[in-house]
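Here's the letter readout for the chains.
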Amino acid sequence: MSELINNREERQKILKDLIRQLHEGKTVEEVKEQFKQMMDGIGGTELSQMEHALIQEGMPVEEVKRLCDVHVQVFRESLDENIKPESIPGHPVNTFIRENRALENLIANTQPLLKEITQAEDGEDISTPLAAWRQRNQQLMEIFTHFSRQENVLFPYLEKNGVTGPSTVMWGFHDDIRVDLKNVGTLLVGAQPVASPELKEKIKELVLPMFQTIKDLFYKEENIMYPTALEVLSEQDWAEIYAQSDDIGYALITPDKQWAPKAKGSDIKQEAIEVQGQIKLDHGVMTQKEIERMLNTLPLDITFVDAQDQVKFFSRGKERIFERAPAIIGRKVQYCHPQSSVHIVENIVNDFKEGRRDNADFWINMRGDLVYIRYFAVRDTDGAYMGTVEVTQNITDIQKLEGEKRIDEEG
């Protein structure tokens with residue numbers, strides 16, 4: 001057995017087999033002794049690799065989420081002994097953990113309010129704790145920013161380094177909490193300022209379990225995901241994560257700025273994906289054909305006029321609203337409109353050039369459809385005028401939309 005324990009690959013196979021035993025119905029107690037024999041040297045990375053392997057072999061993500069709860073329970077003592085994530089103020093992991101503590105503190109401050117409501121006599125006035133709970137629930141929704149920074153910044157770097165398990169599993173937990181928080185928000189909107197059996201039951205069935213789910217998620221982050229990230233990500237990766245985090249924001253805290261990585265976050269490397277024939281953009285690389293097909297696929301008419309008022313580009317979608325021909329390329333925009341409206345166009349463009357405004361919107365009825373016409377000033381990073389983009393869209397069907405249709409409802 002010791003030979004197997006010293007062999008990382010074989011140990012991984014045994015770990016997967018034990019998790020599968022749990023999946024097939026064995027209890028934690030039944031496999032706990034086997035797990036204990038495997039505990040030496042097991043860290044967050046191996047757990048993540050195990051999750052990734054199970055997903056790759058076809059186990060549903062929902063099952064891995066359930067198994068994640070089980071193996072966290074089994075490994076809790078061992079994981080607690082691992083070195084904790086980066087402690088330097090300002091490091092992305094330190095910031096994530098500070099957010100966890102702030103959100104946990106918010107939950108702790110909310111629970112006495114819920115206790116006051118659940119212990120009130122039916123019909124008793126609860127307007128004061130209810131108002132305080134509404135305020136705290138609104139603050140708790142900042143957890144979405146915490147999730148967003150993980151999903152849009154941290155997870156991509158884990159995936160680039162071959163670690164996909166955490167992003168797949170943790171995102172599932174994020175979505176569960178998003179749904180729960182939305183349901184709590186709906187509950188609070190309709191809650192009356194007097195105690196009722198229905199509200200008390202919802203607190204027990206929905207709110208308190210959600211709080212526990214959030215706490216369990218933070219445990220998984222700090223004992224599995226962050227140690228994994230600290231093992232596999234380079235300082236360059238962390239510098240880039242650090243540099244991109246401000247764009248998304250933070251939950252309940254202002255991050256410290258004491259951490260000074262040797263690598264520069266602005267030096268985001270794209271050499272690995274840049275090949276001949278691709279155009280490097282601010283946030284990615286695309287071929288000319290990809291750009292053209294993307295613009296022509298959008299359900300919009302797009303026309304660009306440069307700083308000298310010359311038409312430089314127009315898209316060619318399947319159903320154009322206003323006709324365009326290649327002959328207009330290089331033509332002055334003033335000649336592309338009838339004399340009755342050319343002065344309006346000139347006023348808009350002049351306002352854009354002088355910085356008096358950045359957009360102008362119009363809508364007209366055209367052949368039974370409602371057409372939305374928008375002009376936007378295009379400026380460089382210093383604010384200098386570069387041109388005008390016209391975007392035209394048929395919004396007839398958009399105006400008919402009601403309620404919501406979520407992506408997970410797509411057949």
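The rules behind the values
- Residues numbered from 1 in each chain as written.
- Predicted model: local features only at pLDDT ≥ 70, side-chain atom pairs only at ≥ 80, totals over all residues.
- Heavy atoms only, no water.
- Helix = DSSP H or I, 4+ residues; strand = E, 2+ residues; numbered from the N terminus.
- Buried < 20%, exposed > 50% of the residue type's maximum accessible area, 1.4 Å probe, protein only.
- Contact = heavy atoms within 4.5 Å.
- Areas by Shrake-Rupley, 256 points an atom, 1.4 Å probe, with all protein chains shown as cover.
- Pairing = 2+ DSSP bridges.
- Axes fitted to C-alpha atoms, helices over the stretch in contact; angles between N-to-C directions.
- Core = buried A, V, L, I, M, F, W, Y, C linked by side-chain atoms within 4.5 Å.
- Salt bridge = Lys/Arg side-chain N within 4 Å of Asp/Glu carboxyl O.
- Expected span 1.5 Å × (residues − 1).
- Arc of directions from axis to C-beta.
- Phe/Tyr/Trp six-rings, centres within 6.5 Å; stacked < 30°, edge-to-face > 60°.
- 1 Å grid on protein atoms, 1.4 Å probe; cavity = no way out; pocket = protein on both sides within 12 Å on 5 of 7 lines; lining within 4 Å.
- Points joined across faces, edges and corners; volume = space filled by probe spheres on them.
- Nonpolar A, V, L, I, M, F, W, Y, C, P; charged D, E, K, R; others polar.

A. Broad picture of the overall build of the protein. From N to C terminus, the protein includes 13 helices and 7 strands. The 411 residues of the protein split such that 42% are buried. For the protein, the share of sequence-separated contacts (at least 6 apart) that also reach a separation of at least 24 residues comes to 65%. Carbon together with sulfur atoms contributes 49% to the accessible area of the protein, which is approximately 23,300 Å² in total.

B. Representation of the sheet that holds strand β4 (residues 311-314) in the model. With antiparallel pairing, 5 strands are arranged side by side in an open sheet as β4-β3-β7-β6-β5. Of all strands in the sheet, those bounded by a partner on one side alone are β4 and β5 (359-366). Averaged over all adjacent pairs, the angle separating strand axes in this sheet is 15 degrees, with direction ignored. One ladder, built from 3 bridges, connects strand β3 (residues 301-306) with β4; its direction is antiparallel.

C. Representation of the nonpolar core within the structure. Grouped together as the largest cluster of nonpolar side chains are 51 residues, with contacts concentrated most on Trp133, Leu140 and Leu154. Taken together, the elements giving at least two residues each to this core come down to α6 (92-118), α7 (127-140), α8 (143-160), α9 (165-190), α10 (197-232) and α11 (235-248). Looking at which element gives the most residues to this core, the answer is α10, with 12 residues. In contact with leucine 154, not counting residues within four places along its chain, are Phe96, Arg149, Met225, Tyr226, Ala229, Leu233, Trp238 and Ile241. Ranked by size, the runner-up nonpolar core spans 17 residues in total, among them Ile348, Val349, Ala360 and Val371.

D. Just the pattern of salt bridges, in detail. Within this structure, the stated rule accounts for 17 salt bridges. Taking the shortest distance from any N to any O, the salt bridge between arginine 320 and aspartate 301 comes out at 3.6 Å. Taken as a pair, arginine 320 in the loop between β4 and α13 (339-354) and aspartate 301 in strand β3 lie far apart in primary sequence, 19 residues in all. In this structure arginine 320 comes out as buried when scored by relative accessible area, which is 16%. According to the relative accessible area criterion, aspartate 301 is buried, its value standing at 3%.

E. Summary view of α7. The end-to-end C-alpha distance of α7 is 20 Å, a good match for the 20 Å that 14 residues give at a rise of 1.5 Å each. What α7 keeps buried is the set Pro129, Leu130, Ala132, Trp133, Asn137 and Leu140. Looking straight down α7, one finds its buried side chains confined to an arc of 160 degrees; they lie on one side. For α7, exposure combined with an orientation more than 90 degrees from the buried face picks out Thr128, Gln135 and Gln138.

F. How the structure looks around the packing of aromatic side chains. Under the definition given, this model contains 5 aromatic pairs. Seen from their ring centres, phenylalanine 96 and tyrosine 226 are 5.5 Å apart, and the 15 degrees between their planes marks the pair as stacked. Residue phenylalanine 96 is found in helix α6, and its partner tyrosine 226 is found in helix α10; the two are separated by 130 residues along the sequence. Arranged with centres 6.2 Å apart and planes meeting at 50 degrees, the rings of phenylalanine 155 and tryptophan 171 form a pair that is tilted.

G. A look at α11. Taking 1.5 Å per residue, 14 residues should reach 20 Å; α11 reaches 21 Å between its end C-alpha atoms and fits that length. For α11, the full list of buried residues reads Gln236, Asp237, Trp238, Ala239, Glu240, Ile241, Tyr242 and Ser245. The secondary structure elements touched by the buried residues of α11 are α6, α8 and α10.

H. Summary view of empty space enclosed by the protein. Counted under the stated rule, the structure contains 3 cavities of 30 Å³ or more. Size it by volume and the largest cavity reaches roughly 70 Å³. Lining the largest cavity we find Gly90, Pro92, Thr95, Phe96, Arg149, Tyr242, Ser245, Tyr250, Pro255, Asp256 and Lys257. Listing elements by their share of the lining of the largest cavity, those giving two or more residues are α6 and α11. At 3 residues, the largest contribution of residues to the lining of the largest cavity is made by α6. In terms of residue class, the lining of the largest cavity is made up of 5 nonpolar, 3 polar and 3 charged.

I. View of the pairing of β3. In terms of burial, β3 is largely enclosed, as 5 of its 6 residues are buried. Relative to strand β7 (residues 385-394), β3 is paired through 6 bridges, and the arrangement is antiparallel. Paired with phenylalanine 304 across the strands is valine 389, a residue of β7. In this antiparallel pair of consecutive strands, β3 and β4, the connection spans 4 residues, and aspartate 309 shows a positive phi of 70 degrees.

J. Representation of unusual backbone geometry within the structure. Positioned with a positive phi, leucine 252 is a non-glycine residue whose angle comes to about 70 degrees. Here leucine 252 lies in the loop between α11 and β1 (278-281). At arginine 367, a residue that is not glycine, the phi angle is positive and equals roughly 55 degrees. Arginine 367 gets classed as exposed once you look at its relative accessible area, which sits at 67%.

K. Region of interest: the pairing of strand β6 (residues 369-379). As judged from the 8 bridges shared by β5 and β6, these two strands associate in the antiparallel manner. Directly across from asparagine 359, in β6, lies its bridge partner phenylalanine 376. As consecutive antiparallel partners, β5 and β6 are separated by 2 residues, and within that stretch arginine 367 has a phi angle of approximately 55 degrees, a positive value. Pairing between β6 and β7: 9 bridges, direction antiparallel. Opposite valine 371, over in β7, you have asparagine 394 as the bridge partner.

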